[in-house]
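The chain contents come next:
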Amino acid sequence: MPAIVENKRPITMVRKNLTQKFFYTILLIITLIVVAFVFGIIIYLIVKGAGAINWEFLSQKPRAGMREGGIFPAILGTLCLIIGTIIISLPIGILAAIYLNEYARKNRLTRIIRLSIVNMAGVPSVVFGLFGLAFFVILLQFGKSILAGSLTLAFLILPVIITASEEALKAVPDTYRHASLALGASKWQTIIKVILPQALPGIITGSVIGIGRAAGETAPIMFTVAAFSQPNLPESIFSQVMALPFHLYSLATQVTNPPEDKQWGTALVLLMLVLFFAVIGTALRTRARLRRKE
Amino acid sequence: MLKTIQANRQFKKGSSSRKIKTFLTEKVVFLNGILTIIVLGVILALLIYNSIRFFASYPATSFFGGLKWSPTNDKFGFVPLLTGSLLTTFASILIAIPLGIGCAIYIGELAPRVVREILKPIIEVLATIPSVVIGFIGIKLVAPFIKDVFNLSIGLTALTGAVMLAFMSLPTIVSISEDAINAVPNRYRYASLALGATKWETTYKVVVPTASSGMLAAVMLGLGRIVGETMTVLMLTGNSPRIVFSFLQPVRTITATIAAEMGETAQGGLHYSALFAIGLILFLITFAINFIGDSFTNRIKKM
Amino acid sequence: MFLIKNIKKLNRLITNITGIVKKPFIAIFVLAALLFPATGCSLIYQDSGFNVQGEKTGSSSQNIQKAQFDGEILVITGSTTMLEVTNMWAEAFMSTNGSEVTVNGGGSGEGINSLLNGSTDLANSSREIQDKEKQIAWDNGRDIREYTVLMDGLAIIVSKNVMIEQISIEQLSAIFRGQTTNWKELGGNDRPIVAAARDSTSGTGEYFLQEVVRLGDKNSDSEYTDMCLLLQSTAEVVNVVGGNDDAIGFIGLGYLKIAGDNIKPVKVTKYLSGQGVAATVETVRDKSYPLSRGLYIYADLKKFSPLSSAYIDFVYSKQGQDAGIEAGFVPVK
């Protein structure tokens, strides 16, 4: 922004410059506060938690009332839930996005669908927990299980998946569609063989971000799957599992005086897991963006 | 190529299995498309059904006017939960607005491009931190700090929750406000500078007012996040269903109540349906806030 | 460098094999995610061979017994007071017969509720089942049986800065009803009292409400004042009372040991004029401590599997009761 200032009396200019410097500094300080918060959390977690993380911590079951041993069942449980969530939410989300982008007409129904997606994105996670409990655990009689938990988490992140997939599908130029149809392919063949592969990077990006969110949620799994202690391999999709976010919550509020480093270690592992997904998602997104510019 | 097209056509036209396949795939795709509506409908139906059952056994006046939430004695007064949520939310948005808007102005207007590219990912990282980790940090660090600073007996207060909630809502507020600021056409800025204004004057007299509706949307969406947050308030606000108007006392929010008491209730019991009733209220509040926020966001896109 | 080259080779191999997923490192991610639980677990889940004290045991002799309930699952839900000792019981029990025990907390209310709707095999409870719960059980066709597995005393703890040594049940009632609000009324400092109670899911909270706040009167309708903190577990009470000032709370006897010296137990007397009794295993056993209670396990006899029966036998066995002693409670035998 060129600063073209002339014809002003020197004193007013000095005052205005001072005012500008003053407010700039305040804004800078505000931004630094926010940055300090983020870095503060990460650094504090690393400093306090890294000491607890070793192979034993990551691979052992908890012993002696969570005070010794490791958090492996929680990590495993979270992975099971992640896999379950992917299996349920990806097909539904991608198909829904396909419907919205390829099949839907611009009528009232479509508007209502889009409205529902936006609203579902805004529903608090504890209300999803209520829904999961009332519908999957009780009504459909799945009980507290991986199935109920995965279903609840899947619907929690469904809006994210649908939105990201729709953006990705939209980004595929229509020329692809026209060319494919001109060659005699049916609409569905076009979608599966031509459009979807092109849109895959964007879809995966959105999914990774959604999964990162699902991995960190506590309220939806509190009532639908999470166990305080379930040290063994889950028998089936109808068994309960432990989960990292719930384990952290348990250590902080249900276990009396657990070792400090185990708590921080669990928090750090959870944060690293979630950040892992976030970093991969962002990296994919940047790669896709750079690719598109070629 | 012509032969392949003709060959394909022979298989396509009139082939009944293909027609069934197309029909089925289209129906399946359509079903997934409307699944969101169905699920949202189921959620709403469960909330409304159980709320009706609640209000059938418990007069609405006792609920909305009730000053005591005591499930063991079948007392379900909503007022303490409402004041708890309002107090926490209000404190939180008071903190979040200056932080969020300030940060957005800095990133959008003042930061050099390199700095901006560093700051934006940092804000995004903040968005991905799980709420239970934020609650954990709050318990270990923020609550003792607030206890010492304000010389309180106990550090688990509305303010403690509000501070952490404010930071959690920042990514939403910052990114949408920044979009709004970027949407202000550059010619506004140049015109202002040409008329002799300083950069700062341009920012606060021209850019911000123009972007104000977008910033309002950002704040509303951030507010929606704050109202609906559960784990952070459950761990940090002290869980005391008292009616107070001070930020420095423990309170109990709607979300924490649902999370804390859900496990205990026998389905069909009064307590069970009471939790769905407050869940419905929570749903409606967040729905309204997000709706207003979204309608403003669409305005930015039209600018 | 060596590792990176191999990963790239592996990526290409996987991409070629699967042929579906184009992005190489997505392929490895997906495959890893699918394989990790299976392979990783079998590598790690070999017999850890630890017993309740955390010492290594010889696993060979137990292989015969191990098959007995191999793979069967037992779900136990409920009291946070019994959480520690249940963990100990579960660990020891699992190592003797290959079963899998899932332990959930949530409070006695959640435990009994889960038992009533069939989502748990056994319920831990630090209070007796209520009449209205018995009614629901009857309506649902369940036959609930109560097992008293340990005796417990409800210890009263205060923050380190509270200067009182003993308290009477009437004084406790007044505090938690909101009538007494400042420590100076009890002879302490001029500081407001922070009353840490338990929420409605808690058996400990229910017991305290009945025996202390209502002074044991079944017809009283006194309640916790809404100035109380409604905490979710015994651990939270210890954390809140220990980490702050001017607070008072109640926890199971067993937790005094674990809580350490962050908190201060006070002696309890029934009447103001009496001599305060400290909560110890002895005073609970000989009933001289005024706030003694039982810890229960509830089962549904209609759904009572051999595994549940074996678990209850284990709890009553010497090993089980010793674990109860080690957790700081009083055995029933």
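Anything mentioned here points back to the structure above.
What you see is a predicted model; the values in this text were computed from it and never measured. (Residues numbered from 1 in each chain as written. Chains lettered and ligands numbered in written order. Predicted model: local features only at pLDDT ≥ 70, side-chain atom pairs only at ≥ 80, totals over all residues. Heavy atoms only, no water.)

Looking only at helices and strands, chain A has 11 helices and two strands in total. Ordered by position from N to C terminus, the α and β elements of chain A give α-α-β-β-α-α-α-α-α-α-α-α-α. Its C-alpha atoms give chain A a radius of gyration of 25 Å, clearly above 19 Å, the size a compact globule of 294 residues would have. With the C-alpha coordinates of chain A rotated into their principal frame, the extents come out at 80 × 65 × 35 Å. Relative to its 294 residues, chain A shows a buried fraction of 59%. Intrachain contacts of chain A at a sequence separation of at least 6 include 74% that bridge at least 24 residues. Roughly 12,400 Å² of accessible area belongs to chain A as shown, and the carbon and sulfur atoms make up 66% of that amount. (Helix = DSSP H or I, 4+ residues; strand = E, 2+ residues; numbered from the N terminus. Rg over C-alpha atoms; globule rule 2.2 N^0.38 Å. Buried < 20%, exposed > 50% of the residue type's maximum accessible area, 1.4 Å probe, protein only. Contact = heavy atoms within 4.5 Å. Areas by Shrake-Rupley, 256 points an atom, 1.4 Å probe, with all protein chains shown as cover.)

Our next topic: the interface of chain B and chain A. Opposite the 77 residues of chain B that make contact, chain A presents 78 residues. Between chain B and chain A the total buried area reaches about 7,200 Å² when both faces are included, carbon and sulfur atoms providing 81% of it. Between chain B and chain A we count two salt bridges in total. For B:K140, the salt bridge identified is with A:E260, shortest N-O distance 3.0 Å. (Buried area = accessible area lost by both parts, 1.4 Å probe. Salt bridge = Lys/Arg side-chain N within 4 Å of Asp/Glu carboxyl O.)

Now for the packing of helix 3 (residues 72–103) of chain A against helix 2 (residues 16–57) of chain B. At a minimum axis distance of 7 Å, the contact between helix 3 of chain A and helix 2 of chain B shows a crossing angle of 105 degrees. On the basis of the axis angle, helix 3 of chain A is roughly perpendicular to helix 2 of chain B. Here helix 3 of chain A contributes A:I92, A:L95, A:A96, A:I98, A:Y99 and A:Y103 to the contact with helix 2 of chain B, which in turn contributes B:E26, B:V28, B:V29, B:F30, B:N32, B:G33 and B:L35. (Axes fitted to C-alpha atoms, helices over the stretch in contact; angles between N-to-C directions. Parallel < 35°, antiparallel > 145°, perpendicular 65-115°, else oblique.)

Taken as a whole, this structure holds nine cavities of 30 Å³ or more when the rule is applied. Its boundaries defined by the atoms lining it, the largest cavity holds a volume of some 190 Å³. Lining the largest cavity are 19 residues, with B:S70, B:P71, B:T72, C:Y224 and C:L230 positioned closest to its centre. Of all the secondary structure elements, the ones that give two or more residues to the lining of the largest cavity are strand 1 (69–70) of chain B together with helix 8 (203–213) of chain C. Class assignment of the residues belonging to the lining of the largest cavity gives a composition of six nonpolar, six polar and seven charged. (1 Å grid on protein atoms, 1.4 Å probe; cavity = no way out; pocket = protein on both sides within 12 Å on 5 of 7 lines; lining within 4 Å. Points joined across faces, edges and corners; volume = space filled by probe spheres on them. Nonpolar A, V, L, I, M, F, W, Y, C, P; charged D, E, K, R; others polar.)

Right, let's talk about the interface of chain C and chain B for a bit. The partner chain B presents 31 residues to the 31 residues of chain C that form the contact. Across the interface of chain C and chain B, roughly 2,400 Å² is buried in total on both sides, 46% from carbon and sulfur atoms. Across the salt bridge formed by C:D245 and B:K147, the nearest N and O atoms sit 3.3 Å from each other. Between chain C and chain B we count 14 residue pairs in polar contact (both at pLDDT 80 or more) in total. Elements supplying a minimum of two residues to the side of chain C that touches chain B: helix 5 (108–116), helix 6 (131–139), helix 8, strand 7 (229–231) and helix 9 (234–243) of chain C. Along the lines of polarity and charge, the residues of the side of chain C that touches chain B split into 11 nonpolar, 10 polar and 10 charged. (Polar contact = N/O pair within 3.5 Å; in protein donor to acceptor, adjacent residues only side chain to side chain.)

Attention now goes to the nonpolar core. Counting 261 residues, the largest nonpolar core has A:F155, C:W89, C:I156, C:F176, C:F208 and C:I248 as its most contacted members. No other element matches the 18 residues that helix 3 of chain A contributes to this core. When residues are assigned to domains, this core turns out to be shared by domain 1 (2–151 + 295–331) and domain 2 (152–292) of chain C, each giving three or more. With near-sequence residues (within four places) excluded, C:W89 lies in contact with C:M82, C:V149, C:L150, C:Y311, C:F314, C:V315, C:G320, C:A323 and C:G324. By size, the runner-up hydrophobic cluster in this structure holds eight residues, among which are C:I112, C:L115, C:L116 and C:A123. (Core = buried A, V, L, I, M, F, W, Y, C linked by side-chain atoms within 4.5 Å. Domains from an automatic or database assignment.)

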